[in-house]
Amino acid sequence: MKELSLNILDIAKNSVRAGAKNIEINLNEDENGILTLVISDDGRGMDKNTLKSVSDPFYTSRTTRKVGLGIPFLILAANQAGGDVNITSKTEEEYPKDHGTTVTATFDTKNIDFTPLGDVTGSLLTLIQGDPDIDYFFKHSTPRFTVTLSTKEIRKTLGEDISLSEPEIILWMKEYLEDQYNV
Amino acid sequence: MKSLEELAAIREKMKQKVAIREGADDAVRIVVGMATCGISAGARPVLAAFVEGINDAGLSDKVMVTQTGCIGICQYEPVVEVFENGKDKVTYVKMTPEKAKEVIEKHIKGGKVIEEYTIGAVTK
């Protein structure tokens with residue numbers, strides 16, 4: 001992937017496919033330039049065997065072809081930038097009230113092989129446009145700025161009868177995020 | 001700075017639009033493949049170009065832009081399928097935001113399929 005934001009989009013799509021109602025995307029860069037990405041959902045979760053196999057490029061849940069590269073791509077991006085990926089998951093069967101998956105990845109942004117974040121706003125809008133009924137909470141904080149977006153909050157004002165995938169709403173959210181990034 | 005209050009005004013505008021749309025049938029559907037293969041090949045900006053282009057053209061009442069998973073022809077990503085009532089599906093391959101703008105102009109507005117961007121032309 002050319003941008004880390006594309007990995008974020010790709011990994012969050014796994015949460016969508018896991019039937020998540022809430023997806024949280026948290027990006028935090030500390031004063032030493034260590035970037036931590038956390039994507040967590042309340043989807044159906046994975047059992048231990050599935051969890052073990054997701055880092056294997058020859059494992060996939062899709063049916064159109066046999067190779068799944070989403071998680072291996074993220075591991076590659078993290079490892080080449082001196083970081084790591086950790087995945088924890090609770091299945092719906094075992095934890096009916098508290099299930100879901102959390103993917104945590106770290107990166108050293110000072111590393112020469114750190115993949116630039118790229119268009120995080122674009123990835124977030126793609127997620128919302130594709131599955132507007134899911135609630136997304138997004139936070140990106142660095143020593144220089146904090147950007148947040150909560151679809152729950154947007155829905156409070158907008159009401160339930162207007163889909164977040166309406167182009168007017170997508171474009172409003174785009175400006176809302178860009179304004180925060182450009183402060 | 002954008003404020004959440006602005007959404008209340010958008011809401012009023014949208015409610016009327018949604019009411020109009022419920023009377024009409026969605027004549028055109030543009031579907032962008034957004035699995036790992038599509039994403040890594042550049043599907044995200046292609047989707048954005050369609051969402052913004054259709055909105056700018058004032059066509060969001062008639063044309064729906066949606067996403068799907070892997071279509072199974074990963075080597076041709078980004079792949080975009082256009083469905084129109086009563087017509088054969090058109091599959092555009094190796095799409096770019098520029099090509100997306102052209103598809104809106106010539107195909108969606110003009111009614112003429114851009115053959116050279118379709119899978120039929122590429123696999124010949």
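Analysis parameters
- Just so you know, the residues in each chain are numbered from 1, in the order the chain's sequence is written.
- Chain letters start at A and ligand numbers start at 1, both assigned in the order the entries are written.
- Owing to the predicted nature of the model, reporting of local features is limited to residues with pLDDT of at least 70; listing and counting of side-chain atom pairs is limited to 80 or more, with chain, interface and lining totals taken over all residues.
- Counting other C-beta atoms within 10 Å of a residue's own tells you its class, since 20 or more makes it buried, 12 or fewer makes it exposed, and anything in between is partly exposed; those C-beta atoms are placed from the backbone.
- Per the convention used, a helix needs a DSSP run of H or I reaching at least four residues, while a strand needs a run of E reaching at least two, with both numbered from the N terminus.
- Strand pairing is assigned whenever DSSP detects at least two bridges linking the two strands.
- Residue pairs are scored as contacts if the distance between their C-beta atoms, which are placed from the backbone, is within 7 Å.
- In this classification, Asp, Glu, Lys and Arg are treated as charged, Ala, Val, Leu, Ile, Met, Phe, Trp, Tyr, Cys and Pro as nonpolar, and every other residue, Gly included, as polar.
- Think of it as the arc spanned by the lines of direction from the helix axis to the C-beta atoms.
- To obtain each axis, a line is fitted to C-alpha atoms, and for helices this fit is confined to the stretch in contact; angles are then taken between N-to-C directions over 0 to 180 degrees.

Colleague: Got a sec to walk through the pairing of strand β2 (residues 34-41) of chain A? Specific residues and values, please.
Modeller: Taking every second residue as pointing to the same face, the buried face of β2 of chain A carries L35, L37, I39 and D41 of chain A, while none of I34, T36, V38 and S40 of chain A on the other face is buried. Where strand β1 (residues 22-29) of chain A folds back onto β2 of chain A in an antiparallel hairpin, the turn is made up of four residues, including G33 of chain A, whose phi is positive at roughly 80°.

Colleague: So what's going on with the environment of S55 of chain A? Residues and values would help.
Modeller: Residues and elements named next belong to chain A. Assignment of secondary structure puts S55 in the loop between α2 (48-53) and α3 (70-80). Judged by the 13 C-beta atoms lying within 10 Å of it, S55 is partly exposed. With 42 residues separating them in the primary sequence, S55 and K13 have C-alpha atoms 16 Å apart. Contact partners of S55, with chain neighbours within four places excluded, come to I71, P72 and I75.

Colleague: Requested: an account of the interface of chain A and chain B, with residues and values cited.
Modeller: In this complex, chain A contributes 31 residues to the contact, which on the side of chain B involves 26 residues. Counting only elements with at least two residues in the side of chain A that touches chain B, the list comes to α1 (4-17), α4 (120-130), α5 (151-158) and α6 (167-181) of chain A. If one sorts the elements of the side of chain A that touches chain B by residue count, α6 of chain A sits on top with nine residues. Class assignment for the residues of the side of chain A that touches chain B results in 13 nonpolar, nine polar and nine charged.

Colleague: Explain the pairing of strand β3 (residues 80-84) of chain B residue by residue, including any values.
Modeller: Residue and element names in this part refer to chain B. Relative to β3, strand β1 (residues 28-33) runs antiparallel, the two being bridged by five bridges. Opposite V28, over in β3, you have E84 as the bridge partner. Bridge analysis of β3 against strand β4 (residues 90-92) gives three bridges, and the strand direction is antiparallel. Its bridge partner being in β4, E81 is matched across the sheet by T91. With antiparallel pairing between neighbouring strands as the criterion, β3 and β4 make up a hairpin whose turn holds five residues, including G86 at a positive phi of roughly 75°.

Colleague: Go over the environment of D88 of chain B, please, and point to the residues and values.
Modeller: Residues and elements named next belong to chain B. With respect to the helices, strands and loops of the structure, D88 is situated in the loop between β3 and β4. Classification of D88 by C-beta neighbours within 10 Å gives exposed; the count is 9. As a C-alpha pair, D88 and R44 span 44 residues in sequence and 25 Å in three-dimensional space.

Colleague: How would you sum up α5 of chain A? Please name residues and give values.
Modeller: All names here are of chain A. By the burial criterion, the buried members of α5 are T151, I154 and L158. Buried residues of α5, seen end-on, are gathered within an arc of 55° and therefore sit on one face of the element. Among the exposed residues of α5, those pointing more than 90 degrees away from its buried face are K152 and K156. Of the residues flanking the end of α5, it is G159, one or two places downstream, whose phi is positive at about 90°.

Colleague: Go over the sheet that holds strand β5 (residues 135-141) of chain A, please, and point to the residues and values.
Modeller: All names here are of chain A. Read across the sheet, six strands follow the order β3-β4-β2-β1-β5-β6 without closing on themselves; strand pairing throughout is mixed. Pairing within the sheet leaves two strands with one partner each, and these edge strands are β3 (85-90) and β6 (146-150). Pairwise comparison of adjacent strand axes, ignoring direction, gives a mean angle of 5° for this sheet. As judged from the six bridges shared by β3 and strand β4 (residues 100-108), these two strands associate in the antiparallel manner. Within the sheet, the bridge partner assigned to N86 lies in β4 and is T104. Here α3 sits on the sheet and contacts β3 and β4; the angle it forms with β4, its principal contact strand, is near 30°. Across the sheet, α5 is in contact with β5 and β6; its angle to β6 comes to roughly 55°.

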